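What follows is the residue order along each chain.
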Amino acid sequence: MTTDEAEPGTLRPGGRTARVRAAVLRAAGDVLAEHGFAHMDLADIAQRAGVGKTTVYRRWGTVTALVTDLLTEMIESSLPRTHTGSLLGDLGAHARLVYTTLTDPRQGPLFKAVIAAATYDERTAAALRRFYDARITEWAPCVREATARGEVPEDTDPREVIRAVSAPLYYRLLASGDPLDETTADRAAKAAIAAARAGIFSPQNDEIG
């Protein structure tokens, strides 16, 4: 297999394959943020990236495959979780990270476009699920550590707590249109902690009645 034929990201950092992949994914993200999934065109993306369109067609083949790889790259480049020694500090940092991402002039529209595409394109939906699963997996240990410190009940579901932090922020981005600010992010973290301490995320509270 030649360098030109290699799968994206399989060669050493700084190699031609890595440079081409980075340029194409950057261009794909720009198109998503500016125009949405429906207006993505591989030839246009190749032109924006400054690479041959045959290279883009050969390596990705479809817009969906390109978006899938873009989400994979976002997982690879995501910031690691914060360690503060307290659940409030950790979840507050998580909430601020989500807030910063969703209010970014490029990242916010990009996420909107990908989420919209995921509602009707199963491959994009699967890639998006992998992205969020990776982020939840990254942050869930902070809840387990808080359990060990006695901050929340022992049977608290860490992944549900992490979901509870980001959910209100995505709701504002996608549904209500209410402003997203740092106060909202901090409130989301505190609300998730209050619910966890009350046992809301414990298995015995899965049933209401």
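Thresholds, definitions, all that
Residues numbered from 1 in each chain as written. Predicted model: local features only at pLDDT ≥ 70, side-chain atom pairs only at ≥ 80, totals over all residues. Heavy atoms only, no water. Helix = DSSP H or I, 4+ residues; strand = E, 2+ residues; numbered from the N terminus. Buried < 20%, exposed > 50% of the residue type's maximum accessible area, 1.4 Å probe, protein only. Contact = heavy atoms within 4.5 Å. Areas by Shrake-Rupley, 256 points an atom, 1.4 Å probe, with all protein chains shown as cover. Lys, Arg positive; Asp, Glu negative; His and termini not counted. Charge placed at Lys NZ, Arg CZ, Asp CG, Glu CD. Salt bridge = Lys/Arg side-chain N within 4 Å of Asp/Glu carboxyl O. Expected span 1.5 Å × (residues − 1). Bend = angle between axes of the 7 residues up to and from the residue. Polar contact = N/O pair within 3.5 Å; in protein donor to acceptor, adjacent residues only side chain to side chain. Phe/Tyr/Trp six-rings, centres within 6.5 Å; stacked < 30°, edge-to-face > 60°.

Asker: Could you give an account of the overall build of the protein chain, with specific residues and numbers?
Answerer: Along its length, the protein chain carries 10 helices and 0 strands. Along the protein chain, helices (α) and strands (β) appear in the sequence α-α-α-α-α-α-α-α-α-α when read from the amino end. Here the C-alpha coordinates of the protein chain stretch approximately 60 × 35 × 30 Å along the principal axes. Counting across all 209 residues of the protein chain, residues that qualify as buried make up 44%. Here the analysis covers contacts within the protein chain between residues at least 6 apart in sequence; of these, 64% occur between residues at least 24 apart. In the structure as shown, the protein chain presents an accessible area of about 10,800 Å², 53% of it carried by carbon and sulfur atoms. Averaged over its 25 positive side-chain charges, the protein chain has a centre that lies 5 Å from the centre of its 28 negative ones.

Asker: How would you sum up the pattern of salt bridges? Please name residues and give values.
Answerer: Considering all chains together, one arrives at 13 salt bridges under this definition. Between Arg96 and Glu182 there is a salt bridge, and its shortest N-O distance comes to 3.5 Å. Remark: Glu182 occurs in helix H10 (residues 182-197) and Arg96 occurs in helix H5 (residues 87-103); sequence separation between them is 86 residues. The class of Arg96 is partly exposed, set by a relative accessible area of 31%. Judged by its relative accessible area of 40%, Glu182 falls in the partly exposed class. Three or more residues joined by partner-sharing salt bridges are found here, namely Arg21, Asp69 and Glu76.

Asker: I'd like a description of helix H9 (residues 158-176), backed by residues and values.
Answerer: The end-to-end C-alpha distance of H9 is 27 Å, a good match for the 27 Å that 19 residues give at a rise of 1.5 Å each. Of all the bends in H9, the greatest, near 30 degrees, is centred on Ser166, and the proline Pro168 appears no more than four residues after it. Every buried residue belonging to H9 is among Pro158, Val161, Ile162, Val165, Ser166, Leu169, Tyr170 and Leu173, and all of these are buried. Capping the start of H9, Asp157 holds a side-chain oxygen 3.1 Å from the backbone nitrogen of Arg159, two or three residues further along. Directly after H9, the chain includes Gly177, whose backbone phi takes a positive value near 75 degrees.

Asker: Residues and numbers for the packing of aromatic side chains, please.
Answerer: As enumerated under the stated definition, the model contains 5 aromatic pairs in all. Between Phe111 and Tyr132 the ring centres are 6.5 Å apart and the planes differ by 35 degrees, which places this aromatic pair in the tilted class. Placement of the pair is Phe111 in helix H6 (residues 107-118) and Tyr132 in helix H7 (residues 122-139), with a sequence separation of 21 residues. Ring centres of Tyr132 and Tyr170 lie 5.6 Å apart, and the angle between their planes is 85 degrees; this geometry places the pair in the edge-to-face category. One end of the pair, Tyr132, is in helix H7; the other, Tyr170, is in helix H9, with 38 residues separating them in the sequence.

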